[in-house]
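Results of the structural survey
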Amino acid sequence: AAVAAQLSLSLAECPGIGNAQAGRAAACQGCPNQGLCAAGAAEPDPAEAAELRERLRAVRHTVLVLSGKGGVGKSTFSAHLAHGLAADETKQVALLDIDICGPSIPKMMGLEGEQVHQSGSGWSPVYVEENLGVMSVGFLLSSPDDAVIWRGPKKNGLIKQFLRDVDWGEVDYLIVDTPPGTSDEHLSIVQFLSTAHIDGAVIVTTPQEVSLQDVRKEINFCRKVKLPIIGVVENMSGFVCPKCKNESQIFPPTTGGAEKMCQNLNVSLLGKVPLDPQIGKSCDRGQSFLAEAPESPATLSYRNIIQRIQEYCEQHHLQEEKIM
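Everything quoted here is computed from the prediction, not taken from an experiment.

So, about the overall build of the chain. Of the regular secondary structure elements, the chain holds twelve helices and eleven strands. Taken over 324 residues, the chain has a buried fraction of 48%. Restricting the contact set of the chain to residue pairs at least 6 apart, pairs at least 24 apart contribute 75%. Carbon and sulfur atoms make up 51% of the accessible area of the chain, which totals about 15700 Å².

Structural data, given as C-alpha cells:
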C-alpha cells in the first residue's frame, strides 16, 4: 500500500521534463528516469535542436494525433485528416507515422510495399498525391508482417531521424500519427518538435468509459508537457443505418461520452464521427473514405472537424506572429 501511495504521489506531482525541478523534486524519488531528468538528458542536445529547427523551418503547422487507448481509430482519423487537408491542391500536406511497432498508415494510404528513397537532401517521403507525402517505419520493413521489437532508445532514434533526415520541403500541415499511450514516442516527438513548432494535439476517443479513462490521462500528459490541446474527437459515435437512417448506439456513452468529459476538463469537443462500414473498407483498400462516400454522415462530420482544426491552426499561427 505504501509503494502504491508513493507511486500515486509521483504520478500526480511529476514536475514535467521541461521543469527546472525535473529529477530533483520529491515526487521524482524512485522514478526510473530521475537521473536522466536531473542531468538534463531528457532535453534535446542544442546542436540537434538547431538541426531539427532548420529541417522543420518550412513546416507551417504541426498537429499531433493522440489516443489513450489502441483501437479507437486514431490512425484512421490521421489518414483522413491528411486526405481532407490535401483535398485543397494549394496545400502541401505531410503525414508522419511514428507508431513504430504498429505502422498501419502505409496500408491505409495505399502505399504498402513502397520503399523510402535517398536523395542529396535526405530521405524522400512516399507520395500519395503530389501534395500529400507520407513517412513510416512500414516503408523500412521487408514485409508488412515483420515485427518491430525495439526498446525505447532505438524508437526515439528513428523518430529523430524521421524529423531530421526526411526532406519534407515546404509543408502547410505536418500530421503526426502517434502510438497509443503516453510513453517514449510521445515524449520524444514533443521534445524534438518543441525546438521547432507544434500547433497542438487532437485526441481521439470512443464513447465508452474504458476509452475516456485513458483519454483523461492523455489530456494530463499534454498539460504536463505544455502541449496545446486542439480538441477531442469522439469516434465510432453511434451508427447511422444506410437504409432507414436511424441512429443506434453501438458503444453507449455510459458516463456521458466525450461531450461530458470535455465539459468537465474544459477541453473543446471537435466533433463526433459515426460508424460507417465503408470507412474500414476504404482503409483496407488504401482509398480516401471522404472521396468514396462524400454524402455519408461520417464524411460530413470529418469535414466539419477538419475545418475546425484548420481554423484553430490559423488562429494559433496569427497569435504566434503577434508575440514575435
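Our focus in this paragraph is the packing of aromatic side chains. Taken as a whole, this structure holds three aromatic pairs when the rule is applied. Ring centres of Phe 77 and Tyr 302 lie 6.0 Å apart, and the angle between their planes is 25°; this geometry places the pair in the stacked category. With a gap of 225 residues between them, Phe 77 in helix α4 (residues 74-86) and Tyr 302 in helix α12 (residues 297-323) connect regions that are remote in the sequence. A relative accessible area of 1% means that Phe 77 is categorised as buried.

Quick look at the pattern of salt bridges now. Following the criterion strictly, the structure yields twelve salt bridges and no others. Arg 60 is the partner of Glu 314 in a salt bridge, and the nearest nitrogen-oxygen pair spans 3.0 Å. Of this pair, Glu 314 sits in helix α12 while Arg 60 sits in strand β1 (residues 59-66); the two residues are 254 residues apart in sequence, bridging distant segments of the chain. Given a relative accessible area of 28%, Glu 314 falls into the partly exposed group. A salt bridge links Lys 272 to Glu 259; its shortest N-O distance comes to 3.2 Å. With Lys 272 in strand β11 (residues 269-275) and Glu 259 in helix α9 (residues 257-265), the pair connects residues that are 13 residues apart, well separated along the chain. The class for Lys 272 is partly exposed, based on a relative accessible area of 34%.

On to the pairing of strand β7 (residues 171-177). In terms of burial, β7 is a largely internal element, seven of the seven residues being buried. Taken together, the six bridges between β1 and β7 define a ladder with parallel strand orientation. When the bridges of β7 are listed, Val 65 appears paired with Asp 177. Pairing between strand β2 (residues 93-97) and β7: five bridges, direction parallel. By the bridge assignment for β7, Leu 95 is matched with Ile 175.

As a further point, take helix α10 (residues 277-285). Of all the residues in α10, the buried ones are Ile 279, Ser 282 and Cys 283. Each buried residue of α10 sits inside an arc of 100° when the element is viewed along its axis, so together they form one side. Exposed residues lying more than 90 degrees from the buried face of α10 are Pro 277 and Asp 284. A side-chain oxygen of the first residue of α10 lies 2.9 Å from the backbone nitrogen of Gln 278; this N-cap is Asp 276.

Burial of strand β6 (residues 132-136) is extensive: five of the five residues sit out of reach of the surface. Here β6 shows no split at all, with Leu 132, Val 134 and Ser 136 on one side and Gly 133 and Met 135 on the other all buried. Two elements, strand β5 (residues 126-129) and β6, share three bridges in a ladder whose sense is antiparallel. What sits directly across from Val 126, in β6, is Val 134. Linkage of β5 to β6, two consecutive antiparallel strands, is achieved through a turn of two residues.

Definitions and cut-offs
- Residues numbered from 1 in each chain as written.
- Predicted model: local features only at pLDDT ≥ 70, side-chain atom pairs only at ≥ 80, totals over all residues.
- Heavy atoms only, no water.
- Helix = DSSP H or I, 4+ residues; strand = E, 2+ residues; numbered from the N terminus.
- Buried < 20%, exposed > 50% of the residue type's maximum accessible area, 1.4 Å probe, protein only.
- Contact = heavy atoms within 4.5 Å.
- Areas by Shrake-Rupley, 256 points an atom, 1.4 Å probe, with all protein chains shown as cover.
- Phe/Tyr/Trp six-rings, centres within 6.5 Å; stacked < 30°, edge-to-face > 60°.
- Salt bridge = Lys/Arg side-chain N within 4 Å of Asp/Glu carboxyl O.
- Pairing = 2+ DSSP bridges.
- Arc of directions from axis to C-beta.
- Polar contact = N/O pair within 3.5 Å; in protein donor to acceptor, adjacent residues only side chain to side chain.

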